[in-house]
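Spelled out from the first residue to the last, the chains are:
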Amino acid sequence: FLEHCRIYYFKYQGESRIWMGSADLMRRNLDRRVELVFPVQKKEIKQRLRFIIQILLDDNSKTRLMDSEGFYHRVKPRKDEVKVDAQKYFLRLAKDMHKGIDTIAGVPT
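Let me sum up the structure you'll find in this document. The structure displayed is predicted, hence computed values, not measured ones. (Residues numbered from 1 in each chain as written. Predicted model: local features only at pLDDT ≥ 70, side-chain atom pairs only at ≥ 80, totals over all residues. Heavy atoms only, no water.)

1. Quick look at the pairing of strand 2 (residues 15–21)
And then number 1: Pairing between strand 1 (residues 7–12) and strand 2: 6 bridges, direction antiparallel. Bridged to Y12 within strand 2 is E15.
And then number 2: The antiparallel hairpin formed by strand 1 and strand 2 contains 2 residues in its connecting segment, where Q13 sits at a positive phi of about 50°. (Pairing = 2+ DSSP bridges. Helix = DSSP H or I, 4+ residues; strand = E, 2+ residues; numbered from the N terminus.)

As structure tokens, then:
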């Protein structure tokens, strides 16, 4: 798994844009390397990426949130909340796609 997501989602005044990149935009990756960031324009791909982003945001199993002091705290699901593990979800998705089933769109690949 990649340490950092390479999907960038921007929304301003109701308009959203999605970009993707070859590396996370951290200083260590930008000082001595050439990296690429590009806009995603195809509607179907944007929908898939928004779905992926939502799964990552819903993760309550491995997510850490940074507080105002810069410390990270692990997110834990409430007792009445369904546990979401994005890594397990994406592993299952990859296995299903390998079988020829697109579980995002619900159609054969």
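This is not the end of the story, as more comes after the structure.
2. Observations regarding a positive patch on the surface
And then number 1: Taken together, the side chains of K62, R64, R74, K76, K83 and K88 make up a positively charged region of the molecular surface.
And then number 2: With respect to the helices, strands and loops of the structure, R64 is situated in strand 4 (residues 64–66). (Patch = residues over 30% accessible without salt bridge, like charges linked within 9 Å, V, L, I, M, F, W, Y side chains within 5 Å. Areas by Shrake-Rupley, 256 points an atom, 1.4 Å probe, with all protein chains shown as cover. Salt bridge = Lys/Arg side-chain N within 4 Å of Asp/Glu carboxyl O. Lys, Arg positive; Asp, Glu negative; His and termini not counted. Charge placed at Lys NZ, Arg CZ, Asp CG, Glu CD.)

3. Here we look at helix 3 (residues 86–98)
Along an α-helix, a turn takes 3.6 residues, which lines up residues three or four apart on a common side.
And then number 1: Between its first and last C-alpha atoms helix 3 spans 18 Å; for 13 residues at 1.5 Å apiece the expected length is 18 Å, and the two agree.
And then number 2: Among the residues of helix 3, A86, Y89, F90, L93 and D96 are the ones counted as buried. Each buried residue of helix 3 sits inside an arc of 120° when the element is viewed along its axis, so together they form one side. Of the exposed residues in helix 3, those oriented more than 90 degrees away from the buried face are K88, K95 and H98. (Expected span 1.5 Å × (residues − 1). Buried < 20%, exposed > 50% of the residue type's maximum accessible area, 1.4 Å probe, protein only. Arc of directions from axis to C-beta.)

4. Description of the sheet that holds strand 1
And then number 1: With respect to topology, 3 strands assemble into an open sheet ordered 1-2-3, the strand pairing being antiparallel. Each edge of the sheet is formed by a strand with only one pairing partner; in this case those strands are strand 1 and strand 3 (37–39). Across the sheet, the mean angle separating the axes of adjacent strands is 25° when strand polarity is ignored. (Axes fitted to C-alpha atoms, helices over the stretch in contact; angles between N-to-C directions.)

5. A short note on the packing of aromatic side chains
And then number 1: Evaluated as defined, the whole model comprises 2 aromatic pairs.
And then number 2: Through successive ring pairs, a cluster of aromatic residues spans F51, Y89 and F90. (Phe/Tyr/Trp six-rings, centres within 6.5 Å; stacked < 30°, edge-to-face > 60°.)

6. Quick word on the side chain of D85
And then number 1: Looking at the element boundaries, D85 is found in the loop between strand 5 (72–74) and helix 3.
And then number 2: For the buried D85, no salt bridge is present, and the opposite-charge side chain at shortest range is K62, 4.2 Å distant.
And then number 3: At 3.1 Å, the side chain of D85 forms a polar contact with the backbone nitrogen of Q87.
And then number 4: A distance of 3.2 Å separates a polar atom in the side chain of D85 from the backbone nitrogen of K88. (Polar contact = N/O pair within 3.5 Å; in protein donor to acceptor, adjacent residues only side chain to side chain.)

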